[in-house]
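The residues making up each chain are set out below.
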Amino acid sequence: MRADRDTGTDVGAEAGAETGAETGAEVGAGPGTGGSADSPANRLQALFEGHRLTPTQRRIAHSMVRRAADVPFLSSVELAELAGVSQPSVTRFAVALGFDGYPALRRHLREVAPAEQNADSASYNEYQQAVEAEIENLRHLAEVLADPRPVRKAGRLLAASRPLPVLGLRAAASQAYGFAYFAAKVHPDVRLLHEGGTMIHDRIDAAVRAGASALLCFALPRHPREVVDTLAYAKEAGLTVVTVADSAFAPVAKVSDLLLPAAVGTGLAFDTACAPMLLGRVLLEAMCDDLPDAQARLEEFDAKAAARGLFVE
């Protein structure tokens, strides 16, 4: 049913990237690129590398990486439910990885990615489980940010772009709006692109004519086809595309130059995006580090806000 929701993932219709390495996108902050190289998530990511996966299989892989600590304990039915796919799809996924079936894959996972199952999780209700899943997403984000180089590179690209277009459609519109709101306090020209339609290419053309060199995109499931098309157009126009997406397997990887993954929570009817939001704030910090007048701009804003009585103290 989730494929019918604006924030679910269409497991059959979306054709996208297999991994960042296969599509030309630099995958900056994701499994296998930072944090502990021997973590369960990184070992799982290594298992998937080099395999050409279908969109459904990418969804399964993404769900496994996101729940790396639990996967060795899941049945094929439970993994199918977690990923929102059919049980036969899980079996075909295991075969695509070179195993005789899912039981063989699970035995392999217990050998190469051992993890202790949280005994308390069984007593959590569905709301608590959703919160715990988001906490795990944030822990994983903290782990991969142990290597700050990709985020710092993204910050330099965004700071240098004048103007700076920020794209986010549908479910990702709020992420783009939040970033653009704060970025405008320190960056001289931020242009929010949060409404689709025939004008969006015109706005990208205008940004390029004004001197833009990079575009920041927030891309969350379900991934609108218009986002993929818009990023492809932006690259053709000469912009460097930096993308915050829910996974290195997201369809936008093939049209991104630097992709920074941050997992979304899928335990509720509508996805939760705490990790992508926090990664956006981290990007803001990195961008401020490359804007020499950022502090002065913030102090100027605070002085004007106080003079206007803008905020209730």
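See above for the structure.
What about the nonpolar core?
Okay, so step 1: With 34 residues, the main nonpolar core has Val166, Phe179, Leu216, Phe218, Leu283 and Met287 as its most contacted residues.
Okay, so step 2: The leading source of residues in this core is helix H12 (residues 274-289), at 6 residues.
Okay, so step 3: Contact partners of Met287, with chain neighbours within four places excluded, come to Gly155, Leu158, Ala159, Leu164, Phe179, Ala183, Val186 and His187.
Okay, so step 4: Listed in part, the 27 residues of the second largest apolar core include Leu53, Ala61, Leu74 and Tyr102.

As for the pairing of strand E4 (residues 214-219)
Okay, so step 1: With 6 of its 6 residues buried, E4 lies for the most part within the structure.
Okay, so step 2: In the sheet, strand E2 (residues 164-167) pairs with E4 via 2 bridges, with the strands oriented parallel. From the neighbouring strand, Leu167 faces E4, where its bridge partner is Cys217.
Okay, so step 3: In terms of strand pairing, E4 meets strand E5 (residues 240-245) through 6 bridges, oriented parallel. The residue bridging Leu216 from the neighbouring strand is Val242, located in E5.
Okay, so step 4: Note on the crossover from E4 through helix H11 (residues 225-236) to E5: the handedness is right-handed.

Considering the pattern of salt bridges
A side chain of one charge can pair with a side chain of the opposite charge if their charged atoms are brought near each other.
Okay, so step 1: Tallied over the full model, the rule gives 6 salt bridges.
Okay, so step 2: Two residues, Arg139 and Glu136, come together in a salt bridge whose shortest N-O distance is 3.6 Å. Taken together, the positions of Arg139 and Glu136, both in helix H7 (residues 126-144) and 3 residues apart, correspond to about one turn of that helix.
Okay, so step 3: On the basis of relative accessible area, Glu136 is assigned to the partly exposed category, the value being 35%.
Okay, so step 4: The partner of Arg191 in a salt bridge is Asp189, with the nearest N and O atoms 3.2 Å apart.
Okay, so step 5: With relative accessibility at 26%, the residue Asp189 sits in the partly exposed group.

What to know about the pairing of strand E3 (residues 190-193)
Okay, so step 1: Here 4 bridges tie E2 to E3, and the two strands are oriented parallel to one another. Considered in E3, the bridge of Leu164 is made with Val190.

As for a nonpolar patch on the surface
Okay, so step 1: On the surface, Tyr177, Tyr181 and Phe182 cluster together to form a nonpolar patch covering roughly 320 Å² of accessible area.
Okay, so step 2: Considering the arrangement of structural elements, one finds Tyr177 in helix H9 (residues 173-183).

What about helix H8 (residues 149-160)?
Okay, so step 1: When the terminal C-alpha atoms of H8 are compared, their 17 Å separation across 12 residues agrees well with the 16 Å that a helix rising 1.5 Å per residue should span.
Okay, so step 2: Taken residue by residue, H8 has Pro150, Val151, Ala154, Gly155, Leu158 and Ala159 as its buried positions. Along H8, the residues classed as buried sweep out an arc of 165° about the axis, all on the same side. What points out from H8, more than 90 degrees from its buried face, is the exposed set Arg149 and Ala160.

Points about the packing of aromatic side chains
Any two aromatic rings considered together are summarised by their centre-to-centre distance and by the angle between their planes.
Okay, so step 1: With the rule as written, the count across this model stands at 5 aromatic pairs.
Okay, so step 2: Centroid distance Phe179 to Phe218: 5.9 Å. Interplanar angle 55°. Geometry classified as tilted. Placement of the pair is Phe179 in helix H9 and Phe218 in strand E4, with a sequence separation of 39 residues.
Okay, so step 3: The exposure class of Phe218 is buried, given its relative accessible area of 2%.
Okay, so step 4: An aromatic cluster is defined as three or more aromatic residues linked by ring pairs; in this entry it consists of Phe48, Phe93 and Phe249.
Okay, so step 5: A cation over an aromatic ring shows up here: Lys185 above the ring of Phe301, its NZ or CZ 3.7 Å from the ring centre.

Reading the values: rules and limits
Residues numbered from 1 in each chain as written. Predicted model: local features only at pLDDT ≥ 70, side-chain atom pairs only at ≥ 80, totals over all residues. Heavy atoms only, no water. Core = buried A, V, L, I, M, F, W, Y, C linked by side-chain atoms within 4.5 Å. Buried < 20%, exposed > 50% of the residue type's maximum accessible area, 1.4 Å probe, protein only. Helix = DSSP H or I, 4+ residues; strand = E, 2+ residues; numbered from the N terminus. Contact = heavy atoms within 4.5 Å. Pairing = 2+ DSSP bridges. Right-handed = clockwise from strand over helix to strand, strands pointing away. Salt bridge = Lys/Arg side-chain N within 4 Å of Asp/Glu carboxyl O. Patch = residues over 30% accessible without salt bridge, like charges linked within 9 Å, V, L, I, M, F, W, Y side chains within 5 Å. Areas by Shrake-Rupley, 256 points an atom, 1.4 Å probe, with all protein chains shown as cover. Expected span 1.5 Å × (residues − 1). Arc of directions from axis to C-beta. Phe/Tyr/Trp six-rings, centres within 6.5 Å; stacked < 30°, edge-to-face > 60°. Lys NZ or Arg CZ within 6 Å of the ring centre and 35° of its normal.

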